[in-house]
Each structure stands twice: as structure tokens, then as C-alpha cells.
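Chains, contacts and geometry: an overview
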Amino acid sequence: MNPELKITQDGSHTLYVPEIDEHYHSHFGALTESKHIFINAGLASLEASAVSVLEVGFGTGLNALLSAIHAEENKIRVSYTSLEKYPLDPSLVRQLNYGPLAGSRGPQLFEAIHAASWGEQNAITEWFSLTKILSDLTVEDPAGLYDIIFFDAFGPDKQPEMWTEDVMRRIEAATHAGSVFVTYSAKGSLKRMLRALSFDVTLLPGPPGKRVMTRAVKR
Ligand SMILES: C[S@@+](CC[C@H](N)C(=O)[O-])C[C@H]1O[C@@H](n2cnc3c(N)ncnc32)[C@H](O)[C@@H]1O
């Protein structure tokens, strides 16, 4: 894949993938969308002082960056595991403006997140550790159990193989009672699959340009 750099409406970058005619984030605002779905409706909704996160789709590292900042600001220990099938070229990552836009700690954290080695745990800060795993979720089960899942695959219309019962079963196997699942999609088929896998599904107001998003909790 050969993604191209684009600017979204809040001034933050995203990437466009011509091969599948799909963006990594909402064109209404990548940073705004990521904060809304994965931080505010996700990480910030948990009360524990130590949290394990499984992200599907490391991509630009934007969700990891915002999570690292949230962990530091709130003094929560976050152990963050992220799966990726197609790691980005570092020369493209260096052009992304997330570091400066994320505040004074942003540039240093963004660099450390991308410099982190794959396949092992990296202590990025006192509060945030990161394990980036090269993996294809359509064929491989994630190892471990997680308190929260950030499901950030390409859209169901562009990458339907990521939104199947098979993949959702792999995700469910990585959760425990009380684990939270958040994603930007609110497609009916996703809600049905999650309910069949014993998740209580709630629709929450979405970020700009999106009426609703999905938040589900494992029974
Ligand atoms: C919508 S993008 C979002 C990425 C990231 N969360 C971000 O904010 O930049 C989807 C990501 O899923 C990755 N992906 C696609 N197929 C995958 C697969 N089978 N297994 C794991 N990751 C995959 C893509 O390479 C891409 O990085």
C-alpha cells in the first residue's frame, strides 16, 4: 500500500490509501476523532489505575500517542499492545503533525512510540508501555487478555474481512468480563455479532461527521 498524506478539518493529518479509496481517519478531524472515540469514550471511561489496551491497527500511532499523554496526565499505568499488518514507512511517519498538535510532550512521545522496537514491550514513559506486534488479525489470535479493545480497522465497506464473526471471535477471546470494546462504526451487523458474543452494546454520539459510534462491554 502507498498511503498519501492529507490534512483534515481540525488541521491534523491523515493518510489516504488509493488502492482501497480509504482514509486512516475521518476527514472532519483525525485528532478530534481519535480523542472522541478511543480516549473519551474509551480509556477515560475506565476507572482502574492500571489498564491493558489492545489496538487493532497501529497505523500512524495516533491512538497510542493520545493514550500515552492520557496515562501521564491522569497517572494511570497503561500497557498498550497494538497489532499491525502493514507498518508505515518511517519517512511518511516523520511528516505527520501529531507530535506538535498533541501538546508539549507530543513530539518526544510520538518519536519514542515510533522508535519502539516491534515484538517486545517498550517502556515509553513511567506510565505507558508499548508492544507493537506485526500480525494479521484475520488469521492470528491476539495473545493475552485486555481491559479495552480499540478496534480501528479500515471501514467495513473497504475491508470487510476485518469485520467478520471470525475476527470478532478472536477479539472476544482476548477479553474478560467487563472488558470494553470501542470503534467508530455502528453498523448493524457489527452490533449483532457483538451481542451474539455476549457484549452489551451501546451507541454513543459520534465525533464530528458521525452520528453514532459503538461502545460495548463484555458480560
Ligand atoms: C483505519 S487505519 C487506523 C490506524 C491507526 N489506529 C491510526 O490511527 O493511524 C487501519 C489500520 O489497520 C491496519 N490493518 C489492516 N489490515 C490489518 C490486519 N489484517 N491485521 C492487523 N492490522 C491491519 C492498517 O494497516 C491500518 O494501519
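Here is a short report on the structure shown in this document. (Residues numbered from 1 in each chain as written. Predicted model: local features only at pLDDT ≥ 70, side-chain atom pairs only at ≥ 80, totals over all residues.)

1. What to know about the nonpolar core
Threshold: What we call a nonpolar core is a set of buried Ala, Val, Leu, Ile, Met, Phe, Trp, Tyr and Cys residues whose membership is set by joining through C-beta atoms within 7 Å. As a rule, residues whose C-beta atom has 12 or fewer other C-beta atoms within 10 Å are exposed, those with 20 or more are buried, and those in between are partly exposed; C-beta atoms are placed from the backbone. The secondary structure listing takes helices from DSSP runs of H or I that are at least 4 residues long and strands from runs of E that are at least 2 residues long, numbered from the N terminus. A pair of residues counts as a contact when their C-beta atoms, built from backbone coordinates, are within 7 Å of each other.
Formed by 49 residues in total, the largest nonpolar core has its most connected members in Leu65, Ala68 and Phe181. Element by element, the count of residues in this core is highest for helix α2 (residues 62–74), at 7 residues. Filtering out sequence-adjacent residues up to four positions away, Ala68 remains in contact with Leu109, Ile113, Ile124, Thr125 and Phe128.

2. Some remarks on the pairing of strand β8 (residues 146–151)
Using the following cut-off: A pair of strands is considered paired only if DSSP assigns at least 2 bridges between the two. Think of it like this: strands point away, you trace from the first strand over the helix to the second, and a clockwise trace means the crossover is right-handed.
Buried residues dominate β8, accounting for 5 of its 6 residues. Of the pairings in the sheet, the one linking strand β4 (residues 50–56) to β8 comprises 4 bridges and is parallel in character. By the bridge assignment for β8, Val53 is matched with Ile148. At this point the chain moves from β8, through helix α6 (residues 165–172), to the parallel strand β9 (residues 175–183), and the crossover so formed is right-handed.

3. Focus: the environment of Leu83
Structurally, Leu83 is set in strand β5 (residues 77–84). According to the C-beta neighbour criterion, Leu83 is partly exposed, with 19 such atoms within 10 Å. Separated by 38 residues in sequence, Leu83 and Gln121 have C-alpha atoms that sit 13 Å apart. Setting aside residues up to four positions removed in sequence, Leu83 forms contacts with Glu55, Val56, Phe58, Ile133, Ser135, Leu137 and Pro142.

By themselves, these figures tell us nothing about what the structure is for.
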